[in-house]
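Results of the structural survey
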Amino acid sequence: MTTETLNISEAQLVEYSQAHNEPSWLTELRKEALQLTETLEMPKPDKTKITRWDFDSFKQHETTGNLYESLEELPSEVREIIDVENTENLVIQHNNTLAFTKVSDSAQNDGVVVEGLAEALINHPDLVKKYFMNETVTVDEHRLTALHTALLNGGVFVYVPKNVVVEHPIQYVVLHDDENASFFNHVIIATEESAEVTYVENYLSIASGEGNQLNIVSEVSAGANSKITYGSVDYLDKGFTGHIIRRGVTEADATINWALGLMNEGSQIIDNTTNLIGDRSESELKSVVVGTGSQKINLTSKIVQYGKETNGYILKHGVMLEGAQTVFNGIGYIKHGGTKSIANQESRVLMLSEKARGDANPILLIDEDDVEAGHAASVGRVDPEQLYYLMSRGISRQEAERLVIHGFLDPVVRELPIEDVQRKLREVIELKVNK
């Protein structure tokens, strides 16, 4: 069977799955998902028409990369992102190849699993199955989740047992330098009771992504009284059509905090949702976006609060340059039964061009009485008085705008959990602003 629009058949997917020694349950799931792509509807992001976006075309399902024996062999682009001397937990993906893995002795001795997803499917198939496409994301949610499942070709798996605190952050770096590469990466971060981990991922392009796909799903599961900090800097080429889902679920007293630098240069749909299931669980969802050229960015940030005394906070800052357009959908939803919960959000968009557009839509859905909720949203141009003040001190207009942008985004940038990643995000912002 070959779908009408995809240049890959069921037989080819089965061959790929078997060649990578995947468990039979995943092979069957790929086949089911491919069939679903023919019947499921596309997602319908609010205020963004995607009927003309091409989510199907890609040049190759898998492109190979290099294998690295040591940190010293890593490409200079990767070495700029990580602190080679002090990196203890690291997974490198070069195009669609798992290229390098390093895990500290202490983490291994504590039973922590840090592996590329392909490796984890061989070593821990049942554990991966427990968390793969679970209740936070489902294969049949819409056509793009089915497509992701069928074409899965990379990712990482992190599992932290009960009472284990991972001392050093876990970093996942994806280097794109092959113009034929598409990314259908799947990330799973799972902690058992009273565990703790910091995870940071970086996507970096040094080649064209024209005519290729970025279809990413991250599933984050926090056990009772555990804490997960998830940071990311995405900076992939404008040629990619992007659909990114990052979702989390918490048990009682657990915490999931997100700090995301969304710097990809192509048009993209982004869904970041946390489900606070357990009582007293909490989540902070912080993201920065810079749009350039003719980019269209639809970012939905959502925290759904089921448990009692939960706390959800959304903070988003975006800067739109040239003809870029963004839609910020912020949703705080306190379900019936979530008494004494708190839901707050803040969305701000700064536009630096007459052609740039921003739309901030704060939404509060409250099914309980005894709660606290609030929102703030603003969309506007650069304050001319700020620019005038800076320029009156001998600063050029371009430099003044640069300073305003960095000041506007920094409250979120400084929340990223690793200093080197903060530095890299500031450098990426600088690159996009000065193009």
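Figured I'd write up the structure that's included with this text. Each residue is numbered by its place in its chain's sequence as written, counting from 1. Local features in this predicted model are restricted to residues whose pLDDT is 70 or higher, and side-chain atom pairs enter the listing and the counts only when it is 80 or higher, whereas totals over whole chains, interfaces and linings include all residues. Heavy atoms from the whole structure form the basis of all side-chain values; hydrogens and water molecules are not counted.

Attention now goes to the overall build of the protein. Put simply, DSSP marks the helices as runs of H or I at least four residues long and the strands as runs of E at least two long, and each gets a number from the N terminus on. A tally of helices and strands in the protein yields ten helices and 19 strands. A compact globule built from 435 residues should have a C-alpha radius of gyration of about 22 Å, and the protein, at 21 Å, falls within 12% of that. Across its three principal directions, the C-alpha atoms of the protein cover 65 × 50 × 50 Å. In the protein, buried positions account for 59% of the 435 residues. Long-range pairs, those at least 24 residues apart, make up 82% of the contacts in the protein between residues at least 6 apart in sequence. We get accessible surface area from the Shrake-Rupley algorithm with a probe of 1.4 Å; when it comes to residues, only the shown protein chains can shield them. By element, 44% of the accessible surface of the protein is carried by carbon and sulfur atoms, the whole surface being about 17,500 Å². In this tally, Lys and Arg are treated as positive and Asp and Glu as negative; His is ignored, and so are the chain termini. Charge coordinates come from a single atom per side chain, which is NZ of Lys, CZ of Arg, CG of Asp or CD of Glu. Between the mean site of the 38 positive side-chain charges and the mean site of the 67 negative ones, the protein shows a separation of 7 Å. The atom set for the radius of gyration is the C-alpha atoms, and the globule formula is 2.2 Å times the number of residues raised to the power 0.38. When accessible area is computed with a 1.4 Å probe and restricted to protein chains, residues below 20% of their type maximum are described as buried, those above 50% as exposed, and intermediate ones as partly exposed. Contact criterion: two residues are considered in contact whenever any of their non-hydrogen atoms come within 4.5 Å of each other.

The element strand β4 (residues 154–160) is extensively covered by neighbouring structure, given that seven of its seven residues are classed as buried. By the alternation rule, side chains of β4 split into Gly-154, Val-156, Val-158 and Val-160 and Gly-155, Phe-157 and Tyr-159, which are all buried. Alignment of strand β3 (residues 113–116) against β4, held across four bridges, turns out to be antiparallel. Bridge pairing in β4 places Gly-116 opposite Val-156. In this analysis, strands are considered paired if DSSP registers two or more bridges between them. In this sheet, strand β6 (residues 185–191) lies alongside β4 in parallel orientation, the contact comprising seven bridges. Residue pairing in the sheet places Val-158 in a bridge with Ile-189 of β6.

Let us now look at the nonpolar core. In this text, buried Ala, Val, Leu, Ile, Met, Phe, Trp, Tyr and Cys residues form a nonpolar core when linked through side-chain atoms within 4.5 Å. Ranked by internal contacts, the top residues of the largest apolar core, which has 50 residues, are Val-158, Val-160, Tyr-172, Ile-189, Tyr-199, Tyr-230 and Met-320. When neighbours within four sequence positions are excluded, Tyr-230 is seen to be in contact with Val-187, Ile-189, Tyr-199, Glu-201, Ser-218, Val-220, Arg-246, Asn-257, Trp-258, Ala-259 and Leu-260. With 43 residues, the next largest nonpolar core counts Leu-90, Val-200, Leu-204 and Leu-425 among its residues.

With respect to the element layout, Ser-221 can be found in strand β8 (residues 212–222). The residues touching Ser-221, leaving out its near neighbours within four places in the chain, are Tyr-131, Ile-189, Ala-190, Thr-191, Ile-228 and Val-249.

With that out of the way, let us pick up the sheet that holds strand β14 (residues 296–305). If you trace the nine strands from one edge of the open sheet to the other, you get β3-β4-β6-β8-β10-β12-β14-β16-β18, paired in mixed fashion. The sheet is open, and its two borders are formed by β3 and β18 (357–366), each paired with just one other strand. Taken pair by pair, the neighbouring strands of this sheet meet at an average axis angle of 5 degrees, ignoring direction. Where helix α7 (residues 143–151) meets the sheet, its contacts fall on β6, β8 and β10 (240–250), and the angle it forms with β8 comes to roughly 90 degrees. Between N-to-C directions, angles cover 0 to 180 degrees, with each direction set by a line fitted to C-alpha atoms, over the stretch in contact for helices.

Quick look at the side chain of Asp-234 now. Looking at the element boundaries, Asp-234 is found in strand β9 (residues 227–235). Filtering out sequence-adjacent residues up to four positions away, Asp-234 remains in contact with Tyr-203, Ile-244, Arg-246, Gly-261, Leu-262, Met-263 and Asn-264.

To characterise two packed helices, one gives the angle between the axes of the helices and the distance between these axes. Orientation of helix α2 (residues 24–36) relative to α7, taken along the N-to-C sense of each, is 145 degrees, at an axis distance of 8 Å. In terms of crossing hand, the pair formed by α2 and α7 is left-handed. Contacts between α2 and α7 involve Leu-29, Arg-30, Ala-33, Leu-34 and Leu-36 on the former and, on the latter, Ala-146, Thr-149, Ala-150 and Leu-151. Working rule for handedness: look at the near helix, and if it is turned counterclockwise from the far one by less than a right angle, call the crossing left-handed; if clockwise, right-handed.

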